[in-house]
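# Structural characterization, general
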Amino acid sequence: MLNRRNFMKLGLGACLLPAVGVSRAEAVVSEEMYVFGTLVGVDVLSRNTDAARAAIADVSHRFTQQNRDWHAWKPGALGDLNRALAAGRTHEAAPDLLPLLHQARELARASGGLFNPAIGRLVGLWGFHHDTLPVGAPPHAAAVAELVAAAPSMDDLVFGGRRVGSRNPHVQIDLGGHAKGVALNQALDRLAALGHGNALVNLGGNLAVSGSHGDRPWHIGIRHPQGEGAIASLAVSGRMAVVTSGTYERYRQDGDKRYPHIIDPRSGQPAMHVVSATVLHPDAARADVAATALVVAGSTAWPEVARKLGVNDVMIVDEAGRVQLTPGMAARVHFAEPPASVKTVEIA
Ligand code: AMP
Ligand code: MG
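What comes next concerns the included structure.

Analysis parameters
- Residues numbered from 1 in each chain as written.
- Chains lettered and ligands numbered in written order.
- Predicted model: local features only at pLDDT ≥ 70, side-chain atom pairs only at ≥ 80, totals over all residues.
- Heavy atoms only, no water.
- Helix = DSSP H or I, 4+ residues; strand = E, 2+ residues; numbered from the N terminus.
- Rg over C-alpha atoms; globule rule 2.2 N^0.38 Å.
- Buried < 20%, exposed > 50% of the residue type's maximum accessible area, 1.4 Å probe, protein only.
- Areas by Shrake-Rupley, 256 points an atom, 1.4 Å probe, with all protein chains shown as cover.
- Lys, Arg positive; Asp, Glu negative; His and termini not counted.
- Charge placed at Lys NZ, Arg CZ, Asp CG, Glu CD.
- Pairing = 2+ DSSP bridges.
- Axes fitted to C-alpha atoms, helices over the stretch in contact; angles between N-to-C directions.
- Parallel < 35°, antiparallel > 145°, perpendicular 65-115°, else oblique.
- Left-handed = near helix turned anticlockwise from the far one by under 90°.
- Contact = heavy atoms within 4.5 Å.
- Nonpolar A, V, L, I, M, F, W, Y, C, P; charged D, E, K, R; others polar.
- Donors = N, O, S within 2.8 Å, 3.2 Å for Na, K, Ca; no water.
- Phe/Tyr/Trp six-rings, centres within 6.5 Å; stacked < 30°, edge-to-face > 60°.
- Near = heavy atom within 4 Å.
- Polar contact = N/O pair within 3.5 Å; in protein donor to acceptor, adjacent residues only side chain to side chain.

### Topic: the overall build of the protein chain
For the protein chain, the count of helices and strands is 9 helices and 17 strands. Relative to a compact globule of 348 residues, whose C-alpha radius of gyration would be 20 Å, the protein chain shows 20 Å and is just as compact. Each principal axis of the C-alpha atoms in the protein chain carries an extent, and together these give about 60 × 45 × 40 Å. Here the protein chain, with 348 residues, has 53% of them falling under the buried criterion. Taken as a whole, the protein chain presents about 14,700 Å² of accessible surface, with 51% of it coming from carbon and sulfur. A gap of 1 Å separates the mean positions of the 33 positive and 31 negative side-chain charges of the protein chain.

Printed below as a string of structure tokens:
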């Protein structure tokens, strides 16, 4: 069973189950930090505690740098680029930002525009470019309609080597739906390069593992989108990511109405019906993008979007607590409590 107290203490959407089955010489070295606006946990299975701690410190340092360079609204490399694009200027993108922009453009296309990191202005208009959650009435319909009509897209970007411009001054890039996945991939790569091929990185419930937890897989929980603790658990090993997007994570509260932070670029309105989408895929960046896109796609269109994004293992929970799963996911997850309903859905 999931260690609920630890889970609650961490406030994470996924967590480690109690350690068993590790050979005596090996131990899990764990560190926690606060970065990307969330609690981050890194666990490394190692015989050398000092080396593991040094590797985690290295990764932690990189997280801090990535958070600054890729931040959607605070000063940094992405902020500099966004300012230039808004002013109609080209800008030399920071070296660690450029590959994200290219990848985000490819994945945005593959998602049919449901994942659209060029809608930063809409995200900001709904009040999500602050550390604190927004409260009160939604933005004026006319302001939303104007930004939807401007149709900012990653395809508006013009790349000339490292210089980036935009044909559309309404483009404002927000990598909030993608950057954590990239950071997860880079963290596991870095840990492996430092000799730690058995690791688990948890960025606020977005999680990626490499190798194993000794003689057993890593056991993880998927946060319940509507309740406490975990809705389900699963075992993962090798290189694998389990990323969850949830409308419960950040939202605008207006009386008893909640407007979630994931915005449908077609309407400019928050995506309300899918409350969480979990994607299992070896590439954490793709999983991250897919999870966001599937929340936007909704409870009927998600299989088609998953197919286009090349993800096969998916779990969707809707506002009524109904669960839909692909066969691959159904074979792996164990539910803590039986959900309101469970349906297996083929993607292709
Ligand atoms: P995630 O938690 O990965 O689902 O990412 C959600 C974040 O991505 C939001 O807080 C926004 O910063 C950003 N975002 C919101 N809607 C979209 C969208 N349709 N496409 C891409 N990014 C989005
Ligand atoms: Mg995402």
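So much for the structure itself; the text now carries on.
### What to know about the pairing of strand β5 (residues 163–166)
As a general feature of sheets, a regular strand has side chains that alternate between the two faces. The pairing of strand β3 (residues 91–92) with β5 spans 2 bridges and is antiparallel. Within the sheet, the bridge partner assigned to Glu-92 lies in β5 and is Arg-163. Both strand β4 (residues 157–160) and β5 contribute to a ladder of 4 bridges, which runs antiparallel. Bridge pairing links Val-158 to Gly-165 in β5. Here β4 folds back onto β5 in antiparallel fashion, the turn holding 2 residues, of which Gly-161 has a positive phi close to 65 degrees.

### With respect to the sheet that holds strand β8 (residues 218–223)
Taken together, 3 strands build an open sheet; the order of strands is β8-β9-β16 and the sheet is antiparallel. Only two strands of the sheet have a single neighbouring strand rather than two, namely β8 and β16 (334–335). As paired elements, β8 and strand β9 (residues 230–236) share 6 bridges and run antiparallel to each other. When the sheet's bridge partners are listed, Ile-222 is paired in β9 with Ala-232.

### A short note on the packing of helix α2 (residues 49–70) against helix α7 (residues 179–193)
Contact pair α2 / α7: the axes reach a minimum separation of 10 Å and the direction vectors enclose 155 degrees. Taken as axis vectors, α2 and α7 run roughly antiparallel relative to one another. Classified by chirality, the crossing of α7 by α2 is right-handed. Judged by residue contacts, Ala-55, Ile-56, Asp-58, Val-59, Arg-62, Phe-63, Gln-66 and Trp-70 of α2 engage Ala-179, Val-182, Ala-183, Gln-186, Ala-187, Arg-190 and Leu-191 from α7. For the contact of α2 with α7, the class distribution of residues is 10 nonpolar, 2 polar and 3 charged.

### Focus on the coordination of the magnesium ion (ligand 2)
Protein coordination at the magnesium ion (ligand 2): the donors are Gly-177 (O), Asp-288 (O), Asp-288 (OD) and Thr-292 (OG1), at 1.9 to 2.4 Å from the metal. Every donor residue of the magnesium ion (ligand 2) comes from the same chain, spaced as G-x110-D-x3-T. On the criterion of helical spacing, the pair formed by Asp-288 and Thr-292 is a turn pair, its members being 4 residues apart in helix α8 (residues 284–309). You can call Thr-292 buried: its relative accessible area is 12%.

### What about the packing of α7 against α8?
Contact geometry of α7 with α8 gives a least axis separation of 7 Å together with a crossing angle of 160 degrees. Classed by the angle they form, the pair α7 and α8 counts as roughly antiparallel. In this structure, α7 meets α8 at a crossing whose hand is right-handed. Packed against α7, whose contacting residues are Ala-179, Lys-180, Gly-181, Val-182, Leu-184 and Asn-185, the element α8 presents Ala-284, Ala-285 and Asp-288 at the interface. Residues that form the contact of α7 with α8 fall into these classes: 5 nonpolar, 2 polar and 2 charged.

### Here we look at the packing of aromatic side chains
All chains considered together, the criterion is met by 2 aromatic pairs. Seen from their ring centres, Phe-36 and Phe-63 are 5.7 Å apart, and the 70 degrees between their planes marks the pair as edge-to-face. Note that Phe-36 is positioned in the loop between β1 (27–35) and β2 (38–46) and Phe-63 in helix α2, a separation of 27 residues in sequence. Exposure remark for Phe-36: the relative accessible area of 13% places this residue in the buried category. Accessibility expressed as a relative area gives 1% for Phe-63, which makes it buried. Taken together, a centroid distance of 5.4 Å and an interplanar angle of 40 degrees make the contact between Trp-126 and Tyr-259 tilted. With Trp-126 in the loop between α5 (120–125) and α6 (141–150) and Tyr-259 in strand β12 (residues 257–260), this pair connects stretches of sequence that are 133 residues apart.

### Overview of the site of ligand 1
Inspection of the region around ligand 1 gives 18 residues, with Asn-116, Asp-174, Ser-245, Ile-263 and Thr-292 positioned closest. Separating an oxygen atom of ligand 1 from a side-chain N or O atom of His-261 is a distance of 2.8 Å. Asp-288 is positioned such that a nitrogen or oxygen atom in its side chain is 2.9 Å from an oxygen atom of ligand 1. Protein coverage of the free-state accessible area of ligand 1, which is 500 Å², stands at 94%. Partitioned by chemical class, the residues of the shell around ligand 1 number 9 nonpolar, 6 polar and 3 charged.

It is worth stressing that arrangement in space is one thing and function is another; only the former is reported here.
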